[in-house]
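# Chains, contacts and geometry: an overview
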Amino acid sequence: MMTLIRLTLGFGLGIITAVPLGLWAGQSRVVDRIFYPVVQMARSINPIVLLPIATVIFGLSSIASVMSGEMEAWKHDVWDQVQLAMILILWWGAFFPVFLSTTHGVRTVRRAYIDTVMIMGASKVQIFQKVIFPHALPFIVNGTRIGMGVTWLVLIAAEIFPGTRSGIGYMLCTACKTSDYQYTFAAILVIGVTGLIMDAVIHRIELAVSHWQAAEK
Amino acid sequence: MTGIAQTTAFSLHNIIKDYTSREGTAVRALDSVSLDAEQGRITCLVGPTGSGKSTILRIISGIEEADSGSAQISGRKPHEFIGKLGYLTQHHTLLPWMRIRDNIGLPLDIVGQNRETQGEKVARICELLGLQGTESLYPYELSGGMQQRAAIGRLLAGGAPYWLMDEPFSALDEKTRQRLQRLLLQLVRENSISALFVTHSIDEAVFLADRVVILSAGPGRVIETFDIAVSHPRDRLSNEYGRNMERIRRKIESVLSE
């Protein structure tokens, strides 16, 4: 399913960039000050708003065109359907929730825990490994869950835009245009159920990594 | 007490520490505090709220610095003792995302000891402290008393010969507290540990301490230091125990009524 490939790429890229940057910004006041205005401004911009301008910039270029040039791109039938513009807005949808929860997770570590391992002689790396990262992990997963919701909404909407020839959003749009309402409702149902399944999976992970939080006040 | 000269474990000399209050004025927390605590003994700091007991521990541990005066452990600067100090507080600082086994083994993990020796040592400590069966639980699944036991286990695993204890038992019920006091005495003796123990319970001080340092509040000052030369375990019902309790209580009361 093209939709899921796009989602994995855009969303994955969002997490891969947001987590390290969030961990960094959470530990450094300076970095945080620099990021804060940019992040707050950027996150208020609905990614769908960016799709037209992203399409102007990237055109209909896809990952395939980056791989083997515009003329040869059609040969990779899957990669040609993963448009760069779409990846950009998916990244946009995923990045901010994950980034913000990660910094929050780092910043709310109890000072006493850090003091404790410092007295044991822990190095900076060990403090990160033993205290900061495990403390931030449930927050990261929670951010991922929120980000996944946002990305899913954005992705379906983006697939309805012109320039797409595949994906659940495209199917839905086409079915609707040809007055095939049975197919339309089926597509809507699939979108809903997929959203539910993905959330349930992340929720499971969230419960597994956050069980200790109930005991924290 | 033996005739052999005791060496000093912790010593403070003319420590002054000021805090800036919210209004910006300086508040004196400690006013030329001097004290000595002997090696292999428990020294208790007793005093009312605001006498800077916890601040004294923080200065000795090197977490905080005094404005003037000197703090030493075994004649050397506190920061040389990173990794050789055990710190126990009222609210345990076991890491909530780690199982008891990993919490106790944490100091060993930090110095890079291999998993196998670590596991053996942790198992031994759990057996010694009556923590068998809790190894794979998380701290929040344990009662307050068991959590403090695990925190003590972590100190033992670290092998630190100097323990700083900030009202570690004050949140526990009477029975659990007495049980842990006896456990502490046993551990201090068997591992020749020097402990500086902050408490506001006179009973706790008389039961545990070889030396009691009485502090006054606002600012914290040492008003009296005396040794309790009664051998352990002490009988809470003996006359001598009562006399020592009385002595401290009078002293504290006279300060409070000043």
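Residues numbered from 1 in each chain as written. Chains lettered and ligands numbered in written order. Predicted model: local features only at pLDDT ≥ 70, side-chain atom pairs only at ≥ 80, totals over all residues. Heavy atoms only, no water.

Of the residues lining the interface, 18 residues belong to chain B; the matching set on chain A comes to 20 residues. In total, about 1800 Å² of surface goes out of reach between chain B and chain A, with carbon and sulfur atoms giving 72% of it. When the area that chain B buries against chain A is broken down by residue, the three leading residues are Trp 97, Ile 110 and Tyr 140 of chain B, summing to 38%. Linking chain B to chain A there are one salt bridge. For Lys 130 of chain A, the salt bridge is made with Asp 109 of chain B, and the minimal N-O distance between the two is 2.5 Å. At the junction of chain B and chain A, the tally comes to five residue pairs in polar contact (both at pLDDT 80 or more). Listing elements by their share of the side of chain B that touches chain A, those giving two or more residues are β5 (85-89) and α2 (100-110) of chain B. The element contributing the most residues to the side of chain B that touches chain A is α2 of chain B, with four residues. Class assignment of the residues belonging to the side of chain B that touches chain A gives a composition of 14 nonpolar, two polar and two charged. (Contact = heavy atoms within 4.5 Å. Buried area = accessible area lost by both parts, 1.4 Å probe. Salt bridge = Lys/Arg side-chain N within 4 Å of Asp/Glu carboxyl O. Polar contact = N/O pair within 3.5 Å; in protein donor to acceptor, adjacent residues only side chain to side chain. Helix = DSSP H or I, 4+ residues; strand = E, 2+ residues; numbered from the N terminus. Nonpolar A, V, L, I, M, F, W, Y, C, P; charged D, E, K, R; others polar.)

This part covers the sheet that holds strand β7 (residues 194-199) of chain B. Residue and element names in this part refer to chain B. The strand order β5-β6-β7-β3-β8-β9 describes an open sheet built from six strands, whose pairing is mixed. Of all the strands in the sheet, the pair left with one neighbour each is β5 and β9 (221-227). For this sheet the average axis-to-axis angle between neighbouring strands, irrespective of direction, equals 15°. Where strand β3 (residues 42-46) meets β7, five bridges bridge the pair, whose relative direction is parallel. Bridge pairing links Leu 45 to Val 198 in β7. (Pairing = 2+ DSSP bridges. Axes fitted to C-alpha atoms, helices over the stretch in contact; angles between N-to-C directions.)

Across its 15 residues, helix α4 (residues 144-158) of chain B extends 21 Å between first and last C-alpha, which sits within 8% of the 21 Å expected from 1.5 Å per residue. For α4 of chain B, the buried fraction is high: 12 of the 15 residues fall into the buried class. Among all positions of α4 of chain B, only Gly 145, Gln 147, Gln 148, Arg 149, Ala 150, Ala 151, Ile 152, Gly 153, Arg 154, Leu 155, Leu 156 and Ala 157 of chain B are buried. Looking at the buried residues of α4 of chain B, the elements they touch are α6 (111-119) of chain A together with β5, α2, α3 (115-129), β6 (162-166) and α5 (174-190) of chain B. Following α4 of chain B by one or two positions, Gly 159 of chain B has its phi on the positive side, about 70°. (Expected span 1.5 Å × (residues − 1). Buried < 20%, exposed > 50% of the residue type's maximum accessible area, 1.4 Å probe, protein only.)

Turning our attention to the domain arrangement of chain B. All names here are of chain B. In terms of domain boundaries, chain B breaks down into domain 1 (8-84 + 161-256) and domain 2 (95-160). Summarising the inter-unit geometry, the C-alpha centres of domain 1 and domain 2 are found 26 Å apart. Across the contact, 15 residues belong to domain 1 and 11 residues belong to domain 2. Note on domain 1 versus domain 2: buried area summed over both sides is about 1100 Å², and carbon and sulfur give 75% of it. If you look at where domain 1 meets domain 2, you find zero salt bridges. Our enumeration of links across domain 1 and domain 2 arrives at three residue pairs in polar contact (both at pLDDT 80 or more). Elements supplying a minimum of two residues to the side of domain 1 that touches domain 2: β6 and α5. Top element by residues in the side of domain 1 that touches domain 2 is α5. It accounts for six residues. Across the side of domain 1 that touches domain 2, the residue classes tally to 10 nonpolar, three polar and two charged. (Domains from an automatic or database assignment.)

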